[in-house]
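Reading the structure
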Amino acid sequence: MAERKLLVLFGSQTGTAQDTAERIGREAKRRHFQCRVEALDSYDVANLINEPLVVFVCATTGQGDPPDNMKMFWRFLFRKNLPPGSLCQLDYAVLGLGDSSYPKFNFVAKKLHKRVLQLGGNPLLPVALGDDQHDLGPDAVIDPWLLALWDKVLALYPLAPGLEIISPDVRLPPKYTLHYLAEDSPHPDGGLLQPTAPRAVPSELHPFPARVVSNQRVTAESHFQDVRLIEFDITGSGIAFSAGDVVMIQPQNCPEDVQQFCQLLRLDPDRRFVLKPTEPGTSLPALLPQPCTIRHLVTHYLDISCVPRRSFFELLSYFSTNELEREKLQEFSSAQGQEELYSYCNRPRRTTLEALWDFPHTTSAVPPEYLLDLIPRIRPRAFSIASSMLAHPDRIQILMAVVRYKTRLSKPRRGLCSTWLASLNPEQGDVRVPLWVKKGGLKFPADPDTPVIMIGPGTGVAPFRAAIQERVAQGRRGNCLFFGCRQKSKDFYCQAEWEELVTKGFLTLFTAFSRDQEEKVYVQHRIQENRRLVWELLSSGSAHIYLAG
């Protein structure tokens, strides 16, 4: 009988594709498949020619781009020298996650499906096009597609005689088992974010602990929005970047939330543990030290402030000892309950921690080893770098609005990363933030004579501050900036810097202060008023135009 092996490969930017891939993995286990779930870039793509059965789950980001964790796979797959029949042994299916309000809807999934077909793969089903815009989200497409997929797969790989599909009432084992260490076992020395000897260039797996040099509010105290200019010291990191690049920052949960979470789940934050994979071949979470304290796990790893997904309620329902709570959790994880879940969770932006509060009996019964299945890891946040190495060597600056808004819940919603960064005070000692740098999507012209027109309202001006600093340091004069904000006196970021450059002849600046007069004025009005100049730069200067929101 054919070996019942299934590989699920995902390309995920925000975690939705990973969540869906893990769901397929669970459904495969219920059907007694040997199943691995991996990010496309951590899978050795050369092995694809030996795989009998693969499900690809991939999101589309930006303007039809593949997610970061499948970029290498993407480059390999589209190499010209791959022989046409190289995947003829492969049965496959592609599930796409996209948003139909973008022109390149599910572009990556469609292109992947077509390419694997070209290489000889045998598609089990048409490509699934999950859509964020649907009232019920991507699940409206995923649910029926998965039912059809399992029909096909079980026809090819029937269950062994005497085996049944494991009932949905049965809880699957956790991905890892958690072994507490004795209280008196020796502690390894050293903090977790001490600067280490320089190694390879910093990355997600090895971020650089950058010291916060300054954290300055750049909006008036009376302004509704708190915007910060934050500077980090990257001396000795080996990081190099140019204008348009992006700094990735790994945030952490606040101590109050960590304490609340531990109380709700009856966890001792100082207990130390090691993780062991339940199944051989599962790798341990790369970003967790071994051994690890509960406090470190909850502070740096578990995303307790994210809006929980359907899979969270599904797993939670298995631990419920209280019938009322269990019924509600089962409703939230059913296909029929998705609208109700949306208005409970997504619309008011209720956090995982708040949802756990609402199910106290269930929460206190969650076994700690299931925490890593229940709650996703904290994702890094991306910020446009707002400074140039030529103007500020060994420094990275960002311009960041602190995210805070109201929903129908009584407590204001707060952005995890911006709230944490805003709270850091470099005057209180050595404050460090784990970060690394990624290439950005904006590339500025190499030719020194090419003028640039930059349109950056609000904090969208950040990458243009980096570009202008870089270009001024190189002696380039053709810099034209359209900047917009509400009021000249309240949120005109970097005003003195721009005005000095205008005086020195390095910058042409147009400003739109939308609330400083009766009728609202925005950057597009200033572009229209200065259409002759803009056209002149475009037609005879072949200017490049950049826009950042």
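Remember, it's a predicted structure, so these values are computed and weren't measured experimentally. (Residues numbered from 1 in each chain as written. Predicted model: local features only at pLDDT ≥ 70, side-chain atom pairs only at ≥ 80, totals over all residues. Heavy atoms only, no water.)

1. Thoughts on the overall build of the chain
What counts is decided by this rule: Working definition: helices are DSSP H or I runs of at least four residues, strands are E runs of at least two. Numbering for both runs from the N terminus. Taken over C-alpha atoms, the radius of gyration is set against a globule rule of 2.2 Å times the number of residues to the power 0.38. Only protein chains enter the accessibility calculation, which uses a 1.4 Å probe; a residue is then buried when its area is under 20% of its type maximum, exposed when over 50%, and partly exposed in between. In this description, contact between two residues means that some pair of their heavy atoms is separated by no more than 4.5 Å. Using a 1.4 Å probe, accessible areas were evaluated by the Shrake-Rupley method; residue-level cover was limited to the displayed protein chains. When charges are counted, Lys and Arg are positive and Asp and Glu negative, with His and the chain ends excluded. In this description, the location of a charge corresponds to atom NZ of lysine, CZ of arginine, CG of aspartate or CD of glutamate.
From N to C terminus, the chain includes 17 helices and 21 strands. For a compact globule of 549 residues, the expected C-alpha radius of gyration is about 24 Å, and the chain comes in at 26 Å, within 12% of that figure. When its C-alpha atoms are laid out on the principal axes, the chain stretches across 85 × 60 × 50 Å. Sorting the 549 residues of the chain into buried and exposed places 48% on the buried side. Excluding contacts between residues fewer than 6 apart, the proportion of contacts in the chain whose partners are at least 24 apart in sequence is 76%. For the chain, the accessible area works out to roughly 26800 Å², and carbon and sulfur atoms hold 52% of it. In the chain, 63 side chains carry a positive charge and 61 a negative one; their mean positions are 4 Å apart.

2. A closer look at the sheet that holds strand β13 (residues 381-384)
Applicable threshold: A strand pair is defined by DSSP finding two or more bridges across the two strands. Whenever a helix is involved, its axis is fitted only over the stretch in contact; in every case the axis is a line through C-alpha atoms, and angles between N-to-C directions fall within 0 to 180 degrees.
Pairing is antiparallel in the open sheet, where six strands are placed in the order β13-β10-β17-β8-β9-β14. In this open sheet, the two edge strands, each paired with only one partner strand, are β13 and β14 (395-401). Taken pair by pair, the neighbouring strands of this sheet meet at an average axis angle of 40°, ignoring direction. As paired strands, strand β10 (residues 246-249) and β13 are joined by four bridges and run antiparallel to one another. In the strand pairing of β13, Val 246 is matched with Ser 384.

3. A short note on the domain arrangement of the chain
Test applied: The split into domains, and so the bounds of each, comes from an automatic or database assignment of domains. Here the buried area means the combined drop in accessible surface, using a 1.4 Å probe, for two parts upon being joined, counting both sides. Should a side-chain nitrogen of Lys or Arg be within 4 Å of a carboxyl oxygen of Asp or Glu, the pair is scored as a salt bridge. Whenever two N or O atoms come within 3.5 Å, that pair is a polar contact, provided that in protein one can donate a hydrogen and the other can accept it, and provided that, for residues adjacent in sequence, both atoms are side-chain atoms. In this count, Pro and Cys sit with the nonpolar residues alongside Ala, Val, Leu, Ile, Met, Phe, Trp and Tyr, while Asp, Glu, Lys and Arg are called charged and the others, Gly among them, polar.
The domain boundaries assigned to the chain delineate domain 1 (5-156), domain 2 (208-251 + 380-438), domain 3 (255-374) and domain 4 (452-547). If you average the C-alpha positions of domain 2 and of domain 3, the two centres end up 28 Å apart. Listed per partner, the contact involves seven residues of domain 2 and 11 residues of domain 3. Between domain 2 and domain 3 the total buried area reaches about 700 Å² when both faces are included, carbon and sulfur atoms providing 39% of it. On the domain 2 side of the interface with domain 3, the three residues burying the most area are Arg 408, Leu 409 and Arg 413, jointly 52% of the side's total. Here Arg 413 makes a salt bridge to Glu 354, at a shortest N to O gap of 2.7 Å. Where domain 2 packs against domain 3, one counts four residue pairs in polar contact (both at pLDDT 80 or more). When grouped by side-chain class, the residues that make up the side of domain 2 that touches domain 3 number three nonpolar, two polar and two charged.

4. Observations concerning the sheet that holds strand β19 (residues 479-485)
One open sheet accounts for four strands, arranged β20-β19-β18-β21; its pairing is parallel. In this open sheet, the two strands that pair with only one neighbour each are β20 (507-513) and β21 (544-547). Pairwise comparison of adjacent strand axes, ignoring direction, gives a mean angle of 15° for this sheet. Against the sheet, helix α14 (residues 462-473) contacts β18 (452-455), β19, β20 and β21, and its axis sits at roughly 155° relative to β18. Along the sheet, helix α15 (residues 495-503) makes contact with β19 and β20, crossing β20 at roughly 140°.

5. Details of the pattern of salt bridges
Counted according to the given criterion, the structure contains 27 salt bridges. The salt bridge partner of Arg 377 is Glu 204, with a shortest N-O separation of 3.1 Å. In this pair, Arg 377 sits in the loop between α12 (371-374) and β13 while Glu 204 sits in the loop between β7 (176-180) and β8 (208-217), placing the two residues 173 residues apart along the sequence. For Arg 377, a relative accessible area of 22% puts it in the partly exposed group. Between Glu 221 and Arg 217 there is a salt bridge, with the nearest N and O atoms lying 4.0 Å from each other. When salt bridges with common partners are traced through the structure, they connect Arg 23, Glu 27, Asp 139, Asp 143 and Arg 310 into a single cluster.

6. As for the packing of helix α8 (residues 323-332) against helix α9 (residues 338-346)
Keep this limit in mind: An angle below 35 degrees is read as roughly parallel, one above 145 as roughly antiparallel, one from 65 to 115 as roughly perpendicular, and any other as oblique.
Packing of α8 against α9 brings their axes to within 8 Å, and their N-to-C directions diverge by 105°. One element, α8, and the other, α9, form an angle in the roughly perpendicular class. Every residue of α9 that contacts α8 at Lys 328, Glu 331 and Phe 332 is listed here: Gln 338, Glu 340, Leu 341 and Tyr 344.

7. A closer look at the UniProt feature "domain: Flavodoxin-like" (unreviewed entry) in the chain
The line we're drawing: UniProt positions are given in the numbering used here, feature names are shortened, and annotations may be inferred rather than shown by experiment.
UniProt marks residues 6-150 with the feature "domain: Flavodoxin-like" (unreviewed entry), using the numbering shown here. Within the segment residues 6-150, helix and strand shares are 32% and 23% respectively, and the terminal C-alpha atoms sit 12 Å apart.

8. As for the pairing of strand β9 (residues 227-233)
Here β9 lies mainly inside the structure; seven of its seven residues are buried. Residues Val 227, Leu 229, Glu 231 and Asp 233 of β9 are buried on one face, and the alternating residues Arg 228, Ile 230 and Phe 232, pointing to the opposite face, are buried as well. Taken together, the six bridges between β8 and β9 define a ladder with antiparallel strand orientation. The partner of Val 212 across the bridge, within β9, is Phe 232.

9. Comments concerning the UniProt feature "domain: FAD-binding FR-type" (unreviewed entry) in the chain
Mapped onto this numbering, the UniProt entry annotates "domain: FAD-binding FR-type" (unreviewed entry) at residues 205-445. Each end of residues 205-445 is marked by a C-alpha atom, and these two atoms are 32 Å apart; helix forms 28% of the span and strand 21%.

10. Here we look at the environment of Gln 133
Looking at where Gln 133 falls in the secondary structure, it is placed in the loop between β6 (128-131) and α4 (139-156). Residue Gln 133 is classed as partly exposed on the basis of its relative accessible area of 44%. As for Gln 133 and Glu 331, which are separated by 198 residues in sequence, their C-alpha atoms are 22 Å apart. In contact with Gln 133, other than residues within four places in its own chain, are Asp 99, Ser 100 and Ser 101. Side chain to side chain, Gln 133 and Asp 99 meet in a polar contact 3.1 Å long.

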